[in-house]
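# Observations on the model geometry
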Amino acid sequence: MHFCPGAQLSRLEAGLALKEITERFPNLRLVSEPERIEPFLPWGRRKFPVAWD
Ligand code: HEM
């Protein structure tokens, strides 16, 4: 009953954002190992080194 009411909106936003990013930066690529955020739960990246030229 507490399922996230924003889930569909977030999926829509993520889909649009990823489409825009991949179209604007077709050569976008990871250049070295991303640095994770500790602890585990936020699941994020402190550093996410990319290049796009
Ligand atoms: C990537 C984006 C998002 C993630 C990962 C996320 C994740 C979650 C999670 C894990 C819960 C708890 C579900 C549970 O207890 O079973 C939750 C609840 C909730 N989320 Fe999200 N959410 C996101 C985006 C949004 C957005 C965009 C909105 C509003 C526009 C939103 C509004 C809420 C609300 C109001 C609750 C509380 C629901 C309740 O307790 O009944 N969330 N979300």
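Summarised in this report is the structure supplied together with it. Remember, predicted model here, so these are calculated numbers, not experimental data. (Residues numbered from 1 in each chain as written. Predicted model: local features only at pLDDT ≥ 70, side-chain atom pairs only at ≥ 80, totals over all residues. Heavy atoms only, no water.)

## As for the pattern of salt bridges
We apply this condition: Think of a salt bridge as a Lys or Arg side-chain nitrogen and an Asp or Glu carboxyl oxygen that are within 4 Å of each other. Helix and strand assignments come from DSSP, with helices taken as H or I runs of at least 4 residues and strands as E runs of at least 2, each series counted from the N terminus. Whether a residue is buried, partly exposed or exposed follows from its accessible area with a 1.4 Å probe, protein chains only, as a fraction of its type maximum: under 20%, in between, or over 50%, in that order.
Inspection of every chain in the model, using the stated rule, returns five salt bridges. Between Arg24 and Glu20 there is a salt bridge, with the nearest N and O atoms lying 3.2 Å from each other. Here the residue Arg24 and the residue Glu20 both occupy positions in helix H1 (residues 7–24), the gap between them amounting to four residues, near one helical turn. For Arg24, a relative accessible area of 59% puts it in the exposed group. Residue Glu20 is classed as partly exposed on the basis of its relative accessible area, which comes to 37%. Across the pair Arg46 and Glu35 runs a salt bridge whose closest N-O atoms are separated by 3.2 Å. Of the two residues, Arg46 is situated in strand S3 (residues 45–47) and Glu35 in strand S2 (residues 35–36); the sequence distance between them amounts to 11 residues. By relative accessible area, which is 51% here, Arg46 ends up exposed. Judged by relative accessible area, Glu35 falls into the partly exposed class, the value being 32%. A cluster of three or more residues bridged by salt bridges with shared partners is formed by Glu35, Arg46 and Lys47.

## Let's talk about the coordination of the iron atom of the ligand
Cut-off, in case you're wondering: Atoms are scored as donors when they are N, O or S and lie within 2.8 Å of the metal, with 3.2 Å used for Na, K and Ca; no water is included, so coordination may look incomplete.
No other protein atom reaches the iron atom of the ligand as a donor apart from Cys4 (SG), found 2.3 Å away. Among the secondary structure elements, Cys4 is positioned in the segment before H1.

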